[in-house]
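So the chains spell out like this:
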Amino acid sequence: VRLAEQRHGPQNDRALLAKEGLAVCLAKANRFTESADLLRDALGVASKTYGDLDERTIGLKSNLATVLSQKGDYDDAEALYKSALSTGSKARAVDGLNGVSDPGNLRQSSVDNLAILYKQKSEEKEKTLGKTHPDTLSSLVERADFLMRAIRGKEDADTAIEIYEKVLAAETERYGLFHPE
């Protein structure tokens, strides 16, 4: 990270990617405090360099939220997830919530709130972009994936299955039965 910052400057994409990559490795090693510190630093640089609406900034915000939730700081994680979602709203394709890798690490109220946010995100995409737009379909898959990981009951499983079937039908209609994706 230091070499990338020295060679390219702290605002350079390579330095930010190096910092983010190291933060991900630290999180995988359960070194959440160090990971969060690196991500906070990278988020500050990205926000100043690219602005809050840039995908890199939104992605770093989401990654920091994920690490904070893994660390047990659920309130801050939830606030960051909400911020990432609202910052990237409207027609922009936002990956703000993709970082929720294990809803089992979250408190029930946070899981419930995140389920609502996923639903709002997919409804907003559908309203803004249309039912068969690729970003809408991706948003629906994210919601279904989250529900399958969270499984708070039969209703979540049924909703996820319904969403997957809806996406499959829309993709088949849009691309045909033998599309490579």
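Definitions and limits used
Residues numbered from 1 in each chain as written. Predicted model: local features only at pLDDT ≥ 70, side-chain atom pairs only at ≥ 80, totals over all residues. Heavy atoms only, no water. Helix = DSSP H or I, 4+ residues; strand = E, 2+ residues; numbered from the N terminus. Buried < 20%, exposed > 50% of the residue type's maximum accessible area, 1.4 Å probe, protein only. Contact = heavy atoms within 4.5 Å. Areas by Shrake-Rupley, 256 points an atom, 1.4 Å probe, with all protein chains shown as cover. Salt bridge = Lys/Arg side-chain N within 4 Å of Asp/Glu carboxyl O. Axes fitted to C-alpha atoms, helices over the stretch in contact; angles between N-to-C directions. Parallel < 35°, antiparallel > 145°, perpendicular 65-115°, else oblique. Left-handed = near helix turned anticlockwise from the far one by under 90°. Nonpolar A, V, L, I, M, F, W, Y, C, P; charged D, E, K, R; others polar.

K.L.:
Teacher, can you tell me more about the overall build of the chain here?
P.N.:
Within the chain, the secondary structure is distributed over eight helices and zero strands. Ordered by position from the N terminus, the helices and strands of the chain form the series α-α-α-α-α-α-α-α. Evaluated residue by residue, the chain yields a buried proportion of 38% over its 181 residues. In the chain, the share of contacts with a sequence separation of at least 24, taken over all contacts with a separation of at least 6, comes to 54%. Working note: accessible area of the chain is about 10,100 Å², and carbon and sulfur atoms make up 50% of it.

K.L.:
What am I meant to see in the pattern of salt bridges here?
P.N.:
Close approach of charged atoms lets side chains of opposite charge pair. Taken as a whole and judged by the stated rule, the model has seven salt bridges. For Lys19, the salt bridge identified is with Asp41, shortest N-O distance 2.3 Å. Note that Lys19 is positioned in helix α2 (residues 13-28) and Asp41 in helix α3 (residues 32-50), a separation of 22 residues in sequence. Taking relative accessible area as the criterion, Asp41 reaches 39% and is therefore assigned partly exposed. For Lys166, the salt bridge is made with Glu126, and the minimal N-O distance between the two is 3.2 Å. Of this pair, Lys166 sits in helix α8 (residues 154-175) while Glu126 sits in helix α6 (residues 108-129); the two residues are 40 residues apart in sequence, bridging distant segments of the chain.

K.L.:
Looking at this structure, how should I read unusual backbone geometry?
P.N.:
With phi around 60°, Asn30 is a residue other than glycine that occupies positive phi space. Looking at where Asn30 falls in the secondary structure, it is placed in the loop between α2 and α3.

K.L.:
How should the environment of Lys119 be read in this particular structure?
P.N.:
By the secondary structure assignment, Lys119 is in helix α6. A relative accessible area of 38% places Lys119 in the partly exposed class. Sequence spacing of Lys119 and Arg143 is 24 residues, and the spatial spacing of their C-alpha atoms is 6.6 Å.

K.L.:
Looking at this model, I keep getting lost on the environment of Ala36. Mind explaining?
P.N.:
Considering the arrangement of structural elements, one finds Ala36 in helix α3. Leaving out residues up to four positions away in the same chain, Ala36 has contacts with Leu64, Val67 and Leu68.

K.L.:
Can you help me understand the packing of α3 against helix α4 (residues 55-71) in this one?
P.N.:
Axis angle and axis distance: for two packed helices, these are the angle between their axes and the distance between the axes, and together they describe the pair. At a minimum axis distance of 9 Å, the contact between α3 and α4 shows a crossing angle of 160°. When the axes of α3 and α4 are compared, the pair comes out roughly antiparallel. Where α3 crosses over α4, the handedness of that crossing is left-handed. Across the interface between the two elements, Phe32, Thr33, Ser35, Ala36, Leu39, Arg40, Ala42, Leu43, Ala46, Ser47 and Tyr50 from α3 touch Arg56, Thr57, Leu60, Lys61, Asn63, Leu64, Val67, Leu68, Gln70 and Lys71 from α4. Of the residues belonging to the contact of α3 with α4, the class tally is eleven nonpolar, six polar and four charged.

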